[in-house]
Amino acid sequence: MSAAAKISRKMPSDIAAMKGQSRIVCLTAYTTPMARIMDPHCDLVLVGDSLGMVVHGLESTLGVTLEMMILHGQAVARGAQAACIVVDMPFGSYEESPAQAFRNAARIMAETGAQAVKLEGGAHMADTIRFLVQRGIPVVAHIGLTPQSVNVFGGYKVQGRGDAAARLMADAVAVDEAGAFAVTLEKVPQGLADRITAEISVPTIGIGASVNCDGQVLVVDDMLGLFTAFKPKFVKRYAQLGDAAGQAVAAYAEEVRARRFPAPEHMFSDEVKK
């Protein structure tokens, strides 16, 4: 059997074909267990550079390294068997030149087994996107609020209001024409997100954009209530696992101190069973 015949997971072409057909479900994942949980339900699993804040306690995504992305990408690939896996390219790994972007994207693809990479930036990154796609690396573009540019934006602010709308529309068209198979729209006004979704030929995946985008993505620790340092407006908490975990740890600590754990059923006898 050929290698091609064995492929059963969603590929970038499958995600692109969902444009206007069915909603794309996407969540971030950073570990094997979480990837296994979401794999039956998600079309696309994003190994986001948000792992810097969510997993490693950094103040922003700027301190995330290529090695960190590869390590977590490998972990996610072990857990996700059906979903299309996309790995973020971290800050400083692609902006210098298309050649630099290709070297680092090729390393991500080869070492993680991911199906695509994601990079931030609009029209100014179109040449880089085209360079990667022409060399066999599928790309998800990311426009609107691009967290790696937080110092330029002066914070995590909505992008594309007023006069900036035309520029963001131009960004969307540019990355579409460059060959991106999907475009993430982050913190974009609803009306503009709707116009972009109608204008470009590839799916839009919203995060703080519009219900009419072709798909949606959230940081999984946000939607599960595991990351509680702050809650963006666009996040809906589908569970409060952070609270539940805190209560469980408190109960464990209390039982250990009271010598109620381990109980007899958690320990081993000295007798050898025959």
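Structural notes, computed from the coordinates. Fair warning: this is a prediction, and the values are worked out from it, not measured in the lab. (Residues numbered from 1 in each chain as written. Predicted model: local features only at pLDDT ≥ 70, side-chain atom pairs only at ≥ 80, totals over all residues. Heavy atoms only, no water.)

Let us look at the pairing of strand E6 (residues 182-186). Judged by how many residues are buried, E6 sits mostly within the fold: 5 of 5 residues are covered. Residues Ala 182, Thr 184 and Glu 186 line one face of E6 and the alternating positions Val 183 and Leu 185 line the opposite face, and both faces are buried. The pairing of strand E5 (residues 139-144) with E6 spans 5 bridges and is classified as parallel. When the sheet's bridge partners are listed, Ile 143 is paired in E6 with Leu 185. Pairing between E6 and strand E7 (residues 204-207): 4 bridges, direction parallel. When the bridges of E7 are listed, Thr 184 appears paired with Ile 205. (Buried < 20%, exposed > 50% of the residue type's maximum accessible area, 1.4 Å probe, protein only. Helix = DSSP H or I, 4+ residues; strand = E, 2+ residues; numbered from the N terminus. Pairing = 2+ DSSP bridges.)

On to the packing of aromatic side chains. On inspection of all chains with the given rule, the structure shows 3 aromatic pairs. Judged by centre distance (5.4 Å) and plane angle (90°), the rings of Phe 227 and Phe 230 are edge-to-face. Judged by its relative accessible area of 13%, Phe 227 is buried. With a relative accessible area of 43%, Phe 230 lands in the partly exposed category. With centroids separated by 5.9 Å and ring planes inclined at 65°, the aromatic side chains of Tyr 252 and Phe 261 adopt a geometry described as edge-to-face. Its guanidinium or amino end placed over the ring of Phe 131, Arg 135 lies 3.5 Å from that ring's centre, counting from NZ or CZ. (Phe/Tyr/Trp six-rings, centres within 6.5 Å; stacked < 30°, edge-to-face > 60°. Lys NZ or Arg CZ within 6 Å of the ring centre and 35° of its normal.)

Overall, parallel pairing links the 8 strands, which are arranged E1-E2-E3-E4-E5-E6-E7-E8 in a closed barrel. The mean inter-strand angle of the sheet, taken between neighbouring strand axes irrespective of direction, is 25°. Across 3 bridges, strand E1 (residues 24-28) lies against strand E2 (residues 44-47) in parallel orientation. Its bridge partner lying in E2, Thr 28 is registered against Leu 46. Running over the sheet, helix H6 (residues 98-112) touches strand E3 (84-88) and strand E4 (116-120) and is turned about 145° from E4. (Axes fitted to C-alpha atoms, helices over the stretch in contact; angles between N-to-C directions. Contact = heavy atoms within 4.5 Å.)

With that out of the way, let us pick up helix H9 (residues 164-178). Between its first and last C-alpha atoms H9 spans 21 Å; for 15 residues at 1.5 Å apiece the expected length is 21 Å, and the two agree. For H9, the set of buried residues is Ala 164, Ala 165, Leu 168, Met 169, Asp 171, Ala 172, Ala 174, Val 175, Asp 176 and Ala 178. Looking at the buried residues of H9, the elements they touch are helix H7 (126-134), E5, E6 and helix H10 (190-199). Gly 179 occupies a position one or two residues after H9 and carries a positive phi of about 115°. (Expected span 1.5 Å × (residues − 1).)

Residues of E7 alternate between two faces, with Thr 204 and Gly 206 on one and Ile 205 and Ile 207 on the opposite face, all of them buried. Judged from the 2 bridges that link them, E7 and strand E8 (residues 215-218) form a sheet pairing that is parallel. Bridge pairing in E8 places Ile 205 opposite Gly 215.

Glancing now at the nonpolar core. Among the nonpolar cores identified, the biggest contains 64 residues, and Met 38, Val 117, Leu 119, Ile 129, Val 183, Leu 185 and Ile 196 are the most heavily contacted of them. Here this core gets 7 residues from one element, more than from any other, and that element is H9. Apart from residues lying up to four places away in sequence, Ile 196 is in contact with Leu 168, Met 169, Ala 172, Leu 185 and Thr 204. Listed in part, the 15 residues of the second largest apolar core include Leu 46, Val 140, Ile 205 and Val 217. (Core = buried A, V, L, I, M, F, W, Y, C linked by side-chain atoms within 4.5 Å.)

Before going further, it helps to spend a moment on H7. Residues Ala 126, Thr 128, Ile 129 and Leu 132 constitute the buried set of H7. One side of H7 holds all its buried residues, which, seen down the axis, span an arc of 160°. Facing away from the buried side of H7 by over 90 degrees, the exposed positions are Asp 127 and Gln 134. Contacts made by the buried residues of H7 are with H6, E4, E5 and H9. Positioned one or two residues after H7, Gly 136 has a phi angle of 90°, which is positive. (Arc of directions from axis to C-beta.)

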